[in-house]
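# Survey of secondary and tertiary structure
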Amino acid sequence: MTFKLKKLYHQYEYLKLEIDEIENNIELCKDKWIDEYGDKLKDSPIFEPENEVAIQEDDEQQQSSKGKKSDKLKKLFKQLSKHLHPDKGGDAEEFKEAQRYYEDNNYFELSKMATKNGVEYDESEADISHYEETIKKMNKQLEDLRFNTIYCFYSGSDQHKQIAAQQLEKYYQIKLFE
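Below, the structure is looked at part by part. This is a predicted model, so every value here is computed, not measured. Numbering of residues starts from 1 in each chain and follows the order in which that chain's sequence is written. Only residues with pLDDT of at least 70 are given local features in this predicted model, and only at 80 or more are side-chain atom pairs given and counted; all residues enter the totals for whole chains, interfaces and linings. Based on all heavy atoms of the structure, the side-chain values leave hydrogens and waters out of the count.

### Some words on the overall build of the chain
Filter applied, for reference: We count a stretch as a helix when DSSP gives it H or I for four or more residues in a row; a strand needs E for two or more, and each element gets its number in order from the N terminus. Burial classification: accessible surface area is computed with a 1.4 Å probe over protein chains only, and a residue below 20% of its type maximum counts as buried, one above 50% as exposed, and the rest as partly exposed. Should any heavy atoms of two residues lie within 4.5 Å, those residues are counted as being in contact. Here, Shrake-Rupley sampling with a 1.4 Å probe gives the accessible areas, and only protein chains in the shown set may cover a residue.
A tally of helices and strands in the chain yields eight helices and zero strands. Moving toward the C terminus, one meets the helices and strands of the chain in the order α-α-α-α-α-α-α-α. Per-residue burial over the chain gives 40% buried out of 178 residues. For the chain, long-range pairs separated by at least 24 residues make up 69% of all intrachain contacts whose partners lie at least 6 apart in sequence. Carbon and sulfur atoms make up 47% of the accessible area of the chain, which amounts to about 11,300 Å² in all.

### Side note on the side chain of S44
Along the chain, S44 turns up in the loop between α1 (3-41) and α2 (59-62). Look past the residues within four positions of S44 in its chain and what remains in contact with it is Y172 and I174.

### Notes on helix α3 (residues 71-84)
Filter applied, for reference: The span expected for a helix works out to 1.5 Å for each residue beyond the first. This arc corresponds to the set of directions leading from the helix axis out to the C-beta atoms.
A rise of 1.5 Å per residue sets the reference length of α3, with its 14 residues, at 20 Å; its end C-alpha atoms lie 20 Å apart and thus fit the reference within 8%. Along α3, the positions that sit buried rather than exposed are L73, L76, F77, L80, S81 and L84. The arc that holds the buried residues of α3, viewed along the axis, is 140°, so those residues lie on one side. For α3, the exposed residues lying more than 90 degrees away from the buried face are D71, K75, K78 and K82. For α3, the secondary structure elements touched by its buried residues are α4 (92-103) and α5 (107-116).

### Structural notes on the packing of aromatic side chains
Cut-off, in case you're wondering: Under the pairing criterion, centres of Phe, Tyr and Trp rings, with the six-membered ring standing for Trp, must be within 6.5 Å; the plane angle then separates stacked pairs below 30 degrees from edge-to-face pairs above 60, leaving the rest tilted. By definition here, charges over rings are those cases where NZ of Lys or CZ of Arg is within 6 Å of the ring centre and within 35 degrees of the ring normal.
Here the structure, examined in full by the defined rule, presents 16 aromatic pairs. Aromatic side chains W33 and Y37 sit 4.6 Å apart centroid to centroid with 35° between the ring planes, which places their arrangement in the tilted category. Here W33 and its partner Y37 are both found in helix α1, four residues apart, which amounts to about one turn of the helix. For W33, a relative accessible area of 0% translates into the label buried. On the accessibility criterion, Y37 (14% relative accessible area) is buried. Note on W33 and F177: the rings are 6.4 Å apart at their centroids and 45° apart in plane angle, and the pair reads as tilted. Of this pair, W33 sits in helix α1 while F177 sits in the segment after α8 (158-172); the two residues are 144 residues apart in sequence, bridging distant segments of the chain. Judged by relative accessible area, which is 15%, F177 ranks as buried. Three or more aromatic residues link up through ring pairs in this structure, and these residues are W33, Y37, F153, Y154, Y171, Y172 and F177. One residue, K6, lies across the ring of F3, its end atom 5.3 Å from the ring centre. In this arrangement the basic side chain of K69 is found over the ring face of Y102, its NZ or CZ atom lying 5.4 Å from the centre.

### Overview of the nonpolar core
Applicable threshold: By nonpolar core we mean a set of buried residues, namely Ala, Val, Leu, Ile, Met, Phe, Trp, Tyr and Cys, connected to one another through side-chain atoms within 4.5 Å.
By size, the foremost hydrophobic cluster in this structure holds 47 residues, and its most contacted members are W33, L80, L110, F153, L168, L176 and F177. If you list the elements that add at least two residues to this core, you get α1, α3, α4, α5, α6 (127-146), α7 (149-155) and α8. Element by element, the count of residues in this core is highest for α1, at twelve residues.

### Thoughts on the pattern of salt bridges
Worth spelling out the cut-off: Here a salt bridge means any side-chain nitrogen of Lys or Arg lying within 4 Å of a carboxyl oxygen belonging to Asp or Glu.
Inspection of every chain in the model, using the stated rule, returns twelve salt bridges. The closest approach of N and O atoms between K16 and E109, which form a salt bridge, is 2.8 Å. Here the residue K16 occupies a position in helix α1, and E109 occupies one in helix α5, the gap between them amounting to 93 residues. Of the residues examined, E109 reaches a relative accessible area of 4% and is grouped as buried. The partner of R146 in a salt bridge is E18, and the shortest N-O contact between them spans 2.9 Å. Taken together, the residues R146 in helix α6 and E18 in helix α1 connect sequence positions 128 residues apart.

### Comments concerning the packing of α4 against α5
Heads up, the condition is: A fitted line through C-alpha atoms represents every axis, and for helices the fit uses only the stretch in contact; the resulting angles, taken between N-to-C directions, go from 0 to 180 degrees. When describing relative orientation, an angle under 35 degrees is termed roughly parallel and one over 145 degrees roughly antiparallel, while 65 to 115 degrees is termed roughly perpendicular and anything else oblique. Side-chain classes follow a simple rule in which Ala, Val, Leu, Ile, Met, Phe, Trp, Tyr, Cys and Pro form the nonpolar group, Asp, Glu, Lys and Arg form the charged group, and the remainder, Gly included, forms the polar group.
With their axes 9 Å apart at the nearest point, α4 and α5 run at an angle of 150° to one another. Comparing their axes, α5 and α4 come out roughly antiparallel. Of the residues in α5, those in contact with E94, E97, A98, Y101 and Y102 of α4 are E109, L110, M113 and K116. Split into classes, the residues belonging to the contact of α4 with α5 amount to five nonpolar, no polar and four charged.

Okay, structure coming up:
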């Protein structure tokens, strides 16, 4: 593995941790939001407790993009499947995990699984484009998460908090803040 690929892989791992941390913080902010403002929200015409804190967030932003599969990804998945498929003596859970990575176009995780399972595959400089595209998508996801309205309300600068407060009042169609 070249130094460039190693750097990209470490960047991927770092972004994965950043995303997990912010997603966790968003969940904590959502819980805090309901605890602090749940009573006021009951006056909102759109308040539904079981669906609460969607708040202008598009779940599709947080899902991996699933689109056309590259030939390289297909080939790697096929090679990995020969080792992991339960009918071939592999582990069912590990195979499901590989399927999920394939569906998510996650070349990083598939290549990591291949290495872990001793599956030989052709890793070349062409892989850089796969890795760079994944990192680009992760950076976009991270940016979207950082602009989550409730996350900004609790974690942002004073200016971000003001903007988030205005958005929340507009969303709920009631006056929440004095």
